[in-house]
Amino acid sequence: RSLEAHSRLPGGTHLVYRSDIQALQGDMMLLGASGMGKSTAAAGLLQAHIDSGGLGLVLPVEYVATQPTIEQAIEMELRRQEPELEPDAGAKCLRLASEANPLLVLVEDIQQSEKPAILLGKLMSWLARGGNEQGRSWRLLLPLWPSTLALASGLAGQGKQKPSVLEVGPYPDADAARAVSARFQ
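Residues numbered from 1 in each chain as written. Predicted model: local features only at pLDDT ≥ 70, side-chain atom pairs only at ≥ 80, totals over all residues. Heavy atoms only, no water.

Draft legend 1. Representation of the overall build of the protein within the structure. When helices and strands are tallied, the protein shows nine helices and five strands. Starting at the N terminus and walking to the C terminus, you meet the elements of the protein as α-β-α-β-α-α-α-β-α-β-α-α-β-α. When each of the 185 residues of the protein is scored for burial, the buried share is 43%. Taking contacts inside the protein between residues at least 6 apart in sequence as the whole, the part at least 24 apart equals 75%. (Helix = DSSP H or I, 4+ residues; strand = E, 2+ residues; numbered from the N terminus. Buried < 20%, exposed > 50% of the residue type's maximum accessible area, 1.4 Å probe, protein only. Contact = heavy atoms within 4.5 Å.)

Draft legend 2. Looking closely at the pattern of salt bridges. Following the criterion strictly, the structure yields five salt bridges and no others. Salt-bridge contacts for D27 lead to R136; the nearest nitrogen and oxygen are separated by 2.5 Å. In this pair, D27 is assigned in the loop between α1 (2-6) and β1 (28-31) and R136 in the loop between α6 (116-129) and β4 (138-144), connecting sequence segments 109 residues apart. Note on R136: relative accessible area 2%, which makes it buried. (Salt bridge = Lys/Arg side-chain N within 4 Å of Asp/Glu carboxyl O.)

Draft legend 3. Summary view of the packing of aromatic side chains. One pass over the structure, following the stated rule, counts zero aromatic pairs. Sitting above the plane of the W138 ring, R136 keeps its charged end 5.1 Å from the centroid. (Phe/Tyr/Trp six-rings, centres within 6.5 Å; stacked < 30°, edge-to-face > 60°. Lys NZ or Arg CZ within 6 Å of the ring centre and 35° of its normal.)

Draft legend 4. The arrangement of the sheet that holds strand β5 (residues 164-167) in detail. Taken in spatial order, the five strands make up an open sheet running β2-β3-β4-β1-β5, and their pairing is parallel. Each edge of the open sheet carries a strand with a single partner, namely β2 (55-60) and β5. Between one strand and the next, the sheet's axes are offset by a mean angle of 20°, whatever the strand orientation. Relative to strand β3 (residues 103-108), β2 runs parallel, the two sharing six bridges. The residue of β3 that forms the bridge with V58 is L106. The strands touched by α6 are β1, β2, β3 and β4; relative to β4, the strand with the most contacts, the crossing angle is about 160°. (Pairing = 2+ DSSP bridges. Axes fitted to C-alpha atoms, helices over the stretch in contact; angles between N-to-C directions.)

Draft legend 5. Summary view of the packing of helix α4 (residues 70-81) against helix α5 (residues 89-96). The N-to-C vectors of α4 and α5 enclose an angle of 100°; their axes lie 7 Å apart at closest approach. On the basis of their axis angle, the class for α4 and α5 is roughly perpendicular. Counted together, I70, E71, I74, E75 and L78 of α4 and A89, G90, A91, C93 and L94 of α5 form the full contact between these two elements. Broken down by class, the residue content of the contact of α4 with α5 amounts to seven nonpolar, one polar and two charged. (Parallel < 35°, antiparallel > 145°, perpendicular 65-115°, else oblique. Nonpolar A, V, L, I, M, F, W, Y, C, P; charged D, E, K, R; others polar.)

Draft legend 6. Here's a closer look at the nonpolar core. In this structure, L59, I74, L103, L123, W138 and L142 are the most contacted members of the largest nonpolar core, which totals 29 residues. The set of elements that each furnish at least two residues to this core consists of β1, β2, α3 (61-66), α4, α5, β3, α6 and β4. Per-element accounting of this core gives the leading share, six residues, to α6. Discounting residues that sit within four places of it in the chain, I74 has contacts with L57, L59, G90, C93, L94, L103 and V105. The next biggest cluster of nonpolar side chains, apart from the first, holds twelve residues, and it includes A42, L45, L46 and L104. (Core = buried A, V, L, I, M, F, W, Y, C linked by side-chain atoms within 4.5 Å.)

Draft legend 7. Here's a closer look at the environment of K162. As for its placement among the helices and strands, K162 is situated in the loop between α8 (153-156) and β5. You can call K162 exposed: its relative accessible area is 52%. Along the chain, K162 and S125 lie 37 residues apart, while their C-alpha atoms are 9.9 Å from each other.

Draft legend 8. Examining the side chain of K122 more closely. In this fold, K122 is placed in helix α6. Although K122 is buried, it forms no salt bridge, and the closest oppositely charged side chain is E71 at an N-O distance of 11 Å. Residues contacting K122, with those up to four places away along its chain left out, are V64, A65, T66, Q67 and P68. (Lys, Arg positive; Asp, Glu negative; His and termini not counted.)

Draft legend 9. Structural detail: the environment of S164. Position of S164 relative to the elements: it lies in strand β5. The sequence separation of S164 and M28 amounts to 136 residues, and the corresponding C-alpha distance is 4.8 Å. Leave out the neighbours within four places in its chain, and S164 touches Q25, D27, M28 and M29.

Structural data, given as structure tokens:
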């Protein structure tokens, strides 16, 4: 429900996932200019993770901005969906996940925030606090503009954990043709 609620992508049959980005490799930044399909690729990776039995959610950038920890940010999203959850739902969610079956957290629209570099630094500190991917029960998936990464280069370089960066270019021709065709059906 989190993906449906927060995605600004067209729903249903109009969404054509990119065939050139299919494997999630730990924490990942999808880096590319506006309109290159970063959000579509991220949504596809999240959906594939969930479809294969994984846990995942979209974390609104507002929760990253206002909450001091990943646990509290996750709890905000869980409570948005189910207001009657018990206390510490975010921490309990992370305990349900594991290194082998991590919670995939997609943070969308960080570059649209007032302070994207600071929020990127905060996300990197959450990764560092959680330790390396071996032993951490969540993974970060972050669509990002190159300019946002450049603004935060000093902040993002801090800490031990650095997501892999996948540069996203124009859609492959076959995917672009399928997307245009699906849009007009």
